[in-house]
Amino acid sequence: MIDKIKQYIDAVVSCELTKFDELENFRIQYIGKKGLIPVLFNDFKTVAPEDRKEVGILLNNLKNAVQDKITQVKNLLESLETDSGHYIDLFMPVQAEAGSRHPLSIIRNKITDIFSRIGFTVADGPEIEDDWHNFTALNFPEEHPARDMQDTFFIEKKPDIALRTHTSSVQVRVMESQKPPIRSIFPGRVFRNEAISARAHCIFHQVEGLYIDKNVSFADLKQTLMYFAKEMFGENTGIRLRPSYFPFTEPSAEMDISCHICGGKGCNICKYTGWVEILGCGMVDPNVLQSNGIDPDEYTGFAFGMGIERITMLKFQIKDLRLFFENDLKFLRQFEASIT
Ligand code: PHE
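Here the structure is a predicted model, which means the values were calculated and not measured.

1. Details of helix H10 (residues 308-316)
Residues separated by three or four positions in an α-helix point in the same direction, a consequence of the helix having 3.6 residues per turn.
Next up, step 1: Within the sequence span of H10, burial applies to Ile 308, Glu 309, Ile 311, Thr 312, Met 313 and Leu 314.
Next up, step 2: Considering only its buried residues, H10 is in contact with helix H5 (103-116), strand S6 (203-213), helix H8 (218-233), strand S9 (275-284), strand S10 (300-307) and helix H11 (323-326).

2. Some remarks on a nonpolar patch on the surface
Next up, step 1: Where nonpolar side chains cluster on the molecular surface, the patch consists of Leu 76, Ile 88, Leu 90 and Phe 91 and spans about 400 Å² of accessible area.
Next up, step 2: Within the element layout of this structure, Leu 90 appears in the loop between helix H4 (52-79) and H5.
Next up, step 3: Residue classification places Leu 90 among the exposed positions, given a relative accessible area of 60%.

3. Details of the sheet that holds strand S2 (residues 128-130)
Next up, step 1: Spatially, the 3 strands line up as an open sheet ordered S2-S4-S3, and their pairing is antiparallel. The open sheet is flanked by S2 and strand S3 (154-156), the only strands paired with a single partner. Direction aside, neighbouring strands of the sheet carry axes that sit 35° apart on average.
Next up, step 2: Alignment of S2 against strand S4 (residues 161-163), held across 3 bridges, turns out to be antiparallel. In the strand pairing of S4, Ile 128 is matched with Leu 163.

4. Structural notes on the state of the cysteines
Next up, step 1: Scanning the entire structure with this criterion turns up 0 disulfides.
Next up, step 2: No disulfide involves Cys 259; its sulfur sits 3.7 Å from that of Cys 262, the nearest cysteine.
Next up, step 3: Considering cysteine sulfurs only, Cys 259 is the nearest to Cys 267, which forms no disulfide, with 3.7 Å between them.

5. A closer look at the sheet that holds S6
Next up, step 1: With respect to topology, 7 strands assemble into an open sheet ordered S1-S5-S6-S10-S9-S8-S7, the strand pairing being mixed. At either end of the open sheet lies a strand with only one pairing partner, and these are strand S1 (121-122) and strand S7 (239-246).
Next up, step 2: Taken together, the 5 bridges between S9 and S10 define a ladder with antiparallel strand orientation. The residue of S10 that forms the bridge with Leu 279 is Met 306.

6. Some remarks on the site of the ligand
Next up, step 1: Close contacts around the ligand come from 14 residues, with His 166, Ser 168, Arg 192, Gln 206 and Glu 208 the closest.
Next up, step 2: Contacts to the ligand include Arg 192, whose side-chain N or O atom sits 2.9 Å from an oxygen atom.
Next up, step 3: Coverage of the ligand by the protein chains reaches 89% of its 320 Å² of free accessible surface.
Next up, step 4: Put simply, the parts of the chain that give the shell around the ligand at least two residues each are helix H7 (168-177), S6, S9 and S10.
Next up, step 5: Considering every element that reaches the shell around the ligand, the biggest residue donor is S10, with 3 residues.
Next up, step 6: Grouping the constituent residues of the shell around the ligand by class yields 5 nonpolar, 7 polar and 2 charged.

Rules behind the numbers
Residues numbered from 1 in each chain as written. Predicted model: local features only at pLDDT ≥ 70, side-chain atom pairs only at ≥ 80, totals over all residues. Heavy atoms only, no water. Buried < 20%, exposed > 50% of the residue type's maximum accessible area, 1.4 Å probe, protein only. Helix = DSSP H or I, 4+ residues; strand = E, 2+ residues; numbered from the N terminus. Contact = heavy atoms within 4.5 Å. Patch = residues over 30% accessible without salt bridge, like charges linked within 9 Å, V, L, I, M, F, W, Y side chains within 5 Å. Areas by Shrake-Rupley, 256 points an atom, 1.4 Å probe, with all protein chains shown as cover. Salt bridge = Lys/Arg side-chain N within 4 Å of Asp/Glu carboxyl O. Pairing = 2+ DSSP bridges. Axes fitted to C-alpha atoms, helices over the stretch in contact; angles between N-to-C directions. Disulfide = S-S within 2.5 Å. Near = heavy atom within 4 Å. Polar contact = N/O pair within 3.5 Å; in protein donor to acceptor, adjacent residues only side chain to side chain. Nonpolar A, V, L, I, M, F, W, Y, C, P; charged D, E, K, R; others polar.

Take a look at the structure:
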């Protein structure tokens, strides 16, 4: 009986109770009407007289250990109780799910990675811009429609402060603060006053590229973009440049890639043309270099700008741009496997 009581004492001291119902079961088990301790006290009558002293002391110790345990656990559980009457279960196993990157971040990181491998650094600029950085220094004529309220979210008129409509504003910031050679990309968020649809949003993301040095040519631009297209969409990707117009580049072009879904044969992604447009580009207009304190007789450069949403939609075959902004977990979880 002595050994048995000693074992009970050990069990009581080391047992862990984390909830009120566990505590109640413990109480019933030891000091309930038919609990262990009343039973042991009953058996005490049968203990030999010479053992009575030791057994008596041990039995009292056991009873005190049970009482102490009950008070101690009760105090702890009550201290965890909140105002609403629920107690915080500090012993509950953690069920946190691992997060994953947003598809736009995955593609932005991939673009940054591709350009950093050929020596482009990353820079950024403010999302709230003045007229000079977003338009004037980029050779936008005074009456250019992009300056219109219809396209631009103005914060203040006179002086014009607006949400930047493209990351080309960062070209100006970088030219102001750095001397050539300049070789950088600028990822960032841009804003345009557009109706939201499957193909357009008032907030979207761009990556701008700028390269200024002596003797930079259109061939350098083409080679850089060809490298990018193959790295992003695969070795067999072809590119084609179509003449276009931007106030800040001359000549200007839009670049298409051969459709990576059908390989150029024609499908609904490329609207049966075999080509999809991915970016605008051109040689930096000498007026822009001049406005930003770079001598156009000494330096030339190229610039390009692409929409991250567009590239992400092509890469992952996403049909509706609004999905990027809704934060629906059913959509986002599909990208868990992509870790970059
Ligand atoms: N800023 C242009 C746009 O938003 C893209 C562009 C960037 C074109 C650089 C040429 C050079 O459409």
